Each structure stands twice: as C-alpha cells, then as structure tokens.
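# Summary of the model geometry
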Amino acid sequence: MKKSYRILYFITIICIGFSCKKLDLVPTNEYTELNYWTSVDKANLVLNTAYSQIVNPDYFFYNEVLSDNAYDGRGDAAGVTSISSGVYDPSLQRLDDEWRFHYQGIKTSNVILEYIDKVPGITKDEINQISAQARFLRAWHYFQLTTWWGAVPLFDHDISIEESQNISRSSHDSVVNFVLKELDDIENVLPVNTAYTKSDIGRITKGAVIALKARVYLYENRWQDVVNECSKLIGSTQNGTYSLFSSYAGLFNPANENNSEVILSAGYVPNLRTYGDLIDMVPISAGARLNGLAPTQELVNDYMMLNGKLPSDASSGFNANNPYTNRDPRMTATLVYDGYQWTKPDGSTKTIYIKPGTDPDKSAPDEYKAGSIASPTGYYVRKYYDPTASNFNSGLDLILIRYADVLLMYAEAKNELSKLDETDWNTTIKALRSRAGFTDANALDYNAAWSQSDLRTIIRRERRDELALEGLRIFDIRRWKTAETVLNGYVHGAQFGDPSVDDGYLRVNIRKFDPSRHYLWPIPRDERALNPNLDQNPGW
C-alpha cells in the first residue's frame, strides 16, 4: 500500500475529480469519463485515492479536544474550541468541511462502483476485490456521517447535481442498516490480512470488515451482535491473524508499522504523503513551534496506580508531591508530564521541565506560564511522535482500528449482557494490562464481588486509558450519554495554580454541553441553503 501511494502522488490526473467543494457541486463530466477507465492500473489509482480520503489527520488528533481528554488553548483548530465550548452554530466551518470531506469520499467510491466493470480486460475477481474495498470505504464514510449528524442523505450511486440539490435526509436507522448490509455483503469477498502480499499490506481485509461491524453495533448498543462479531477475531485465525503487539509504546513507532495489532489504518508515506500535527503537540524543547493540543488533568487522573487503585483512593499510595510515579505505563507512552524523560531521535534522553521555576535552562521553554506558547495544562503529547520525521512531517500510519479495541468492545458487550466472567476478563482487560506492564495481582485479577456497574466503570476507564489520544473518546462519551456530565464545567491542568482554587489544579477553560441538542451536530448552514430538503436537527 505504501508503494501504491508513491505511484499515486506522481499521477496528477487523479486529482481532477476532487476540486469539488460541496455535495451538489461535484463534477460529473471529467473524472468519470469512460476514456479514463482503460486499465486495471488506472482503476487501482482511483481506489488509492479513495483510501487517501479515509481520514483527515487534523480531525483524528483534534477530535480529542472535543472530549475531556485534551484542550486547545491556541485557537480553534478544526473548530474544536467552538464545539467544546458550546458556542457554535450551523455556520461553523468545521461542520461544512467534514460534511464535504465524507461526501467526497462517498463520491469516489460511487464512481469506482459505476465504472469498474467497464475496464477492458479486467477479471471478475479484480472487479469483486476493487468493488468490495470501495464499498467498505463508502460504508466507513456513511458511518461517520450518521454518528455526527444522525439522519443524512443516503445514496448508492453517483448522483447528478440536480439530484443532490433535492435529496432528503435518510433516517439514522436507514443509514446504519445500509452500512451493515454493505459490510455483510463484502465480508467473505475480501482476503484475510495474511493473504495480502507485502506490496498490498494496508488494504482492507476481512478482519477490518468484521471489526468495523463490531464498532457499528457497539455504537448502537446491540450487545450480542458486538459479541458475535468480536468472537470471529478473538482466538481464531479463520478471519485474520491478530494479537496484541508486545509493546504498548512500540505500537506507535515507525519501525513497527502494520504490526500484529493493526486491523485498519490510514496509510502515509515519508516525504510524499505526510501530516505535521505533532509540531503543535510535543514539548517545545523537542522542536515544537507552540502547543495547540494539551492533555487534561482529567485524563491524567484516570490512569491507575500500578497496584490497580486510582490516585483518588487514600490507600493507593499516591503522592501528590511525586504524582507521576508508580502509574499506569500507558500514561508515559501517551503524554508528557513534569520530569518526563524524553527520548531524542539519537536515542539519548532529556528531562522535560514543566513545573514553573524548575528548569535549569533560563529559557525554560516547556515550563507552564499563562499566555505563553507552552502547554496551557502542563502536559504535552507523546503518542504518535515520529522521531524519523523531517520537521515533524510524519509518514507514520494512523491506526483507525486495532485489536485492543476489539477486546474492549467484547468486554463491554459481555458485561452489558451480564455475561462477563473471569475467562472473558483474562482474555480482555487482564491481557491489556499485562501488555501495558502491570504485574500486581490487584490490577490484573478478576474479582467475583464486582457488580455489573463496577465492571462498567472499570471497562470504560480501560477504554479511555488504552485508546487515549486516538480520536475515539468523543464517540464513547456520546454513546454512553455521559458527555453532558464530563463536558460541562472546568477543564483542568496540572497542580501549578493557586492552592485555594480547585486544590491548585489549573482552571484552563470552561466547557458547555447541552444534551438537548449537542448529541447531534447541526446540518451545515450552506448545505441547507443549497438544498431546501435538508431539514435541521432538534435545537438548532
């Protein structure tokens, strides 16, 4: 797949079809002409374009600011500050951009499906394989759309401008049913991950189809269906060979791309197809230009002690004067705190000084200071830092679904069915914690005295800690209907503030989430102006 992306970036003809700006303005007389579809190689180039549209890296990272995991104190990147503060309306540019982004991806898939069987000399198997991948990508985009907006326009062919200006929204249930049927139809068409050749690693597999189905069912609270899909991937090689990678931190290292845990990823290529978001996330002394995404104290508080207890537990051994010792190792692999030992590209380490007045260097670039370019929360990002990137232009793939998520989905569903037992625990939560580096029995062993509610709290925290800064937290708190609780009130930073206010934990911002309307985004104003048949979501 990396090789294919290199080819893609030297073929400019593919870009012609993506000058479109809105659903109703996509060109229909250039990119889709029959005189283009003259070979399988050209068809694959269009498919590669569809792959390149699967995710916007800005959304991947900055969606964490929409949740209680992170804060953007330097502007409104991807509209996240407006949304998280509850001050946005249908005119917000992010809404228009994301709507357009997904419908552009849908158009690419629809064009492929319309023309693929007209390619001279193409075999039936090639048609089936390319079509199945295009259908997956189209289903992916529809799933994202309905997760944000609920009811959205749904169509399974390349529609005309006139049709796009008159189409109505289909219900959320209709969109979900369409997505699930598409995935059911292609599940047995696509190869398992081990069947692809080296040059095609990164393409959609049977395992990715199953994992995405599980995620769709999870968001719909269809617990038995979640169990059924996850069971196809846990402890079996029939539908693909997956396992937890040996090192949690190593998961996000360029040397370990496409490891045993990766089920679906967005492919990037050093120097050709890259993203530069981390330049505004890592410590300033590590080369960042400023801090635009900072982890919150709320996230830090959720990382357990090595004995399995929370810092808030009086018996946990937590020391407020040394708050980052004996903590979940995933915290160190995910974010940067005061006294952190940062590994430089040459393998040496340096201490990151964040607490005011502690850096021996007079410039103190990473120290917290209100209104500076340093982190407003006293924390920086470590996960996805690519030491091989030139000027932070990383070609490291972004993992969209990994095996750890399958284990967590399975555990959550089994508990919601009141069927999670010690065997399930050992297969899922214990396995994840063991891989992370926990050894204390109190952190690893199942407790038969736990209630379903106890386990729900544990599993939800485990999802947060395992998947932090991977763009999924906002979707979890929305589907759990806890966003109205965790997204209302102050965002906090490290204990560098006035001890008389919130025990010294910095108050960096205040957020608002109105459950009467914020669980669904408003339909973009510009889209409704172009298409009067697009009704608005409640409260907007």
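Residues numbered from 1 in each chain as written. Predicted model: local features only at pLDDT ≥ 70, side-chain atom pairs only at ≥ 80, totals over all residues. Heavy atoms only, no water.

The subject of this paragraph is the overall build of the protein. Helix and strand content of the protein: 20 helices and 10 strands. What you see for the protein is a C-alpha radius of gyration of 23 Å, in line with the 24 Å of a compact globule of 540 residues. Considering only C-alpha atoms, the protein reaches an extent of 70 × 50 × 50 Å along its principal axes. Counting every position in the protein, which comprises 540 residues, the buried fraction comes to 57%. Roughly 21000 Å² of accessible area belongs to the protein as shown, and the carbon and sulfur atoms make up 48% of that amount. The protein carries 56 positive and 68 negative side-chain charges, and their two centres are separated by 1 Å. (Helix = DSSP H or I, 4+ residues; strand = E, 2+ residues; numbered from the N terminus. Rg over C-alpha atoms; globule rule 2.2 N^0.38 Å. Buried < 20%, exposed > 50% of the residue type's maximum accessible area, 1.4 Å probe, protein only. Areas by Shrake-Rupley, 256 points an atom, 1.4 Å probe, with all protein chains shown as cover. Lys, Arg positive; Asp, Glu negative; His and termini not counted. Charge placed at Lys NZ, Arg CZ, Asp CG, Glu CD.)

So, about the confidence of the model for the protein. Averaged over every residue, the pLDDT of the protein is 94; residues scoring 70 or more account for 94%. When the criterion is pLDDT under 50, residues 3-32 qualifies, and its contacts beyond four places in sequence or with other chains add up to 69 contacts. (pLDDT = per-residue confidence, 0-100. Contact = heavy atoms within 4.5 Å.)

Because the α-helix completes a turn every 3.6 residues, residues three or four places apart line up on one side. Helix length check: helix 13 (residues 403-416) (14 residues) gives 20 Å between terminal C-alpha atoms against 20 Å at 1.5 Å per residue, within 8%. Counting buried residues in helix 13 gives 13 out of 14 residues, a clear majority hidden from the surface. At the C-terminal side of helix 13, Ser418 shows a positive phi close to 60°. (Expected span 1.5 Å × (residues − 1).)

Further remarks concern the pattern of salt bridges. Proximity of charged atoms lets side chains of opposite charge pair with each other. One pass over the full model with this rule turns up 42 salt bridges. Of the charged contacts, one joins Asp184 and Lys213 as a salt bridge, the two residues approaching to 2.8 Å between their closest N and O atoms. Taken together, the positions of Asp184 in helix 8 (residues 172-186) and Lys213 in helix 9 (residues 206-219) put the pair 29 residues apart, joining distant regions of the chain. Arg330 serves as the salt-bridge partner of Glu466, at 2.9 Å between the closest nitrogen and oxygen. With Glu466 in helix 17 (residues 452-467) and Arg330 in helix 12 (residues 329-334), this pair connects stretches of sequence that are 136 residues apart. Pair check on accessibility: Glu466 and Arg330 agree, each one buried. (Salt bridge = Lys/Arg side-chain N within 4 Å of Asp/Glu carboxyl O.)

Attention shifts here to helix 9. For helix 9, spanning 14 residues, the distance from its first C-alpha to its last is 20 Å, which sits close to the expected 20 Å at 1.5 Å a residue. Of all 14 residues making up helix 9, 14 are buried, and the element is well covered by its neighbours.

Take the pairing of strand 5 (residues 340-343) next. Where burial is concerned, the two faces of strand 5 differ: the one with Tyr340 and Trp342 is buried and the one with Gln341 and Thr343 is not. The hairpin formed by strand 5 and strand 6 (residues 349-352) contains five residues between the paired strands, and Gly347 there has a positive phi angle of roughly 95°. (Pairing = 2+ DSSP bridges.)

Scanning the model with the defined rule gives 33 aromatic pairs in all. Here Tyr103 and Tyr142 contribute two aromatic rings whose centre-to-centre distance is 6.4 Å and whose plane-to-plane angle is 85°, an arrangement assigned as edge-to-face. Linking Tyr103 in helix 5 (residues 93-115) with Tyr142 in helix 6 (residues 124-149), this pair joins segments that are 39 residues apart in sequence. The same class applies to Tyr103 and to Tyr142, which are both buried. (Phe/Tyr/Trp six-rings, centres within 6.5 Å; stacked < 30°, edge-to-face > 60°.)

One non-glycine residue, Ala78, lies in the positive phi region at around 55°. Structurally, the position occupied by Ala78 is in the loop between strand 1 (70-71) and helix 4 (80-85). Judged by its relative accessible area of 23%, Ala78 falls in the partly exposed class. Positive phi values are uncommon outside glycine, yet Asp503 reaches one of about 60°. Here Asp503 lies in the loop between strand 9 (489-492) and strand 10 (507-511).

Here we come to the environment of Thr241. Residue position: Thr241 is located in the loop between helix 10 (223-231) and strand 2 (262-266). Considering only alpha carbons, one finds Thr241 and Leu154, 87 residues apart in sequence, at a separation of 34 Å. Ignoring sequence-local partners within four residues, the contact set of Thr241 consists of Asn193, Thr194 and Ser260.

Look at helix 9 against helix 10: their axes get within 8 Å of each other, and the N-to-C directions meet at 165°. The angle between helix 9 and helix 10 falls in the class roughly antiparallel. The way helix 9 lies across helix 10 gives a crossing that is left-handed. Listed contacts from helix 10 to Ile210, Lys213, Ala214, Tyr217 and Leu218 of helix 9 are Trp223, Asp225, Val226, Glu229 and Cys230. Here the residues of the contact of helix 9 with helix 10 are counted per class, giving seven nonpolar, no polar and three charged. (Axes fitted to C-alpha atoms, helices over the stretch in contact; angles between N-to-C directions. Parallel < 35°, antiparallel > 145°, perpendicular 65-115°, else oblique. Left-handed = near helix turned anticlockwise from the far one by under 90°. Nonpolar A, V, L, I, M, F, W, Y, C, P; charged D, E, K, R; others polar.)

Attention shifts here to the environment of Ile210. Mapped onto the elements, Ile210 comes out in helix 9. Sequence separation between Ile210 and Arg74 is 136 residues; the distance between their C-alpha atoms is 39 Å. Excluding residues within four positions of it along the chain, Ile210 makes contact with Glu187, Glu229, Lys232, Leu233 and Asn239.

Moving on to the packing of helix 2 (residues 40-52) against helix 6. Running from amino to carboxyl end, helix 2 crosses helix 6 at an angle of 15°, the nearest separation of the two axes being 10 Å. Classed by the angle they form, the pair helix 2 and helix 6 counts as roughly parallel. You can see that helix 2 and helix 6 cross each other, and the crossing is left-handed. On helix 6, the residues touching Val40, Ala43, Asn44, Leu47, Ala50 and Tyr51 of helix 2 are Glu126, Ile130, Gln133, Ala134 and Leu137.

Looking at the secondary structure, you find Arg473 in helix 18 (residues 473-479). A polar side-chain atom of Arg473 sits 2.9 Å from a polar atom in the side chain of Asp68. Setting aside residues up to four positions removed in sequence, Arg473 forms contacts with Glu64, Ser67, Asp68, Asn69, Arg464 and Trp480. (Polar contact = N/O pair within 3.5 Å; in protein donor to acceptor, adjacent residues only side chain to side chain.)

Most often, soluble globular proteins have nonpolar side chains that are buried together. One finds Phe136 and Tyr384 to be the most contacted residues of the largest nonpolar core, which totals 155 residues. The element contributing the most residues to this core is helix 6, with 12 residues. In terms of nonpolar packing, the next biggest core, distinct from the first, is built from six residues, Met304, Leu310, Ala436 and Leu444 among them. (Core = buried A, V, L, I, M, F, W, Y, C linked by side-chain atoms within 4.5 Å.)

Residue position: Val176 is located in helix 8. Judged by relative accessible area, which is 4%, Val176 ranks as buried. Linking Val176 and Tyr217, residues 41 residues apart in sequence, is a C-alpha distance of 9.0 Å. Setting aside residues up to four positions removed in sequence, Val176 forms contacts with Thr146, Val216 and Glu220.

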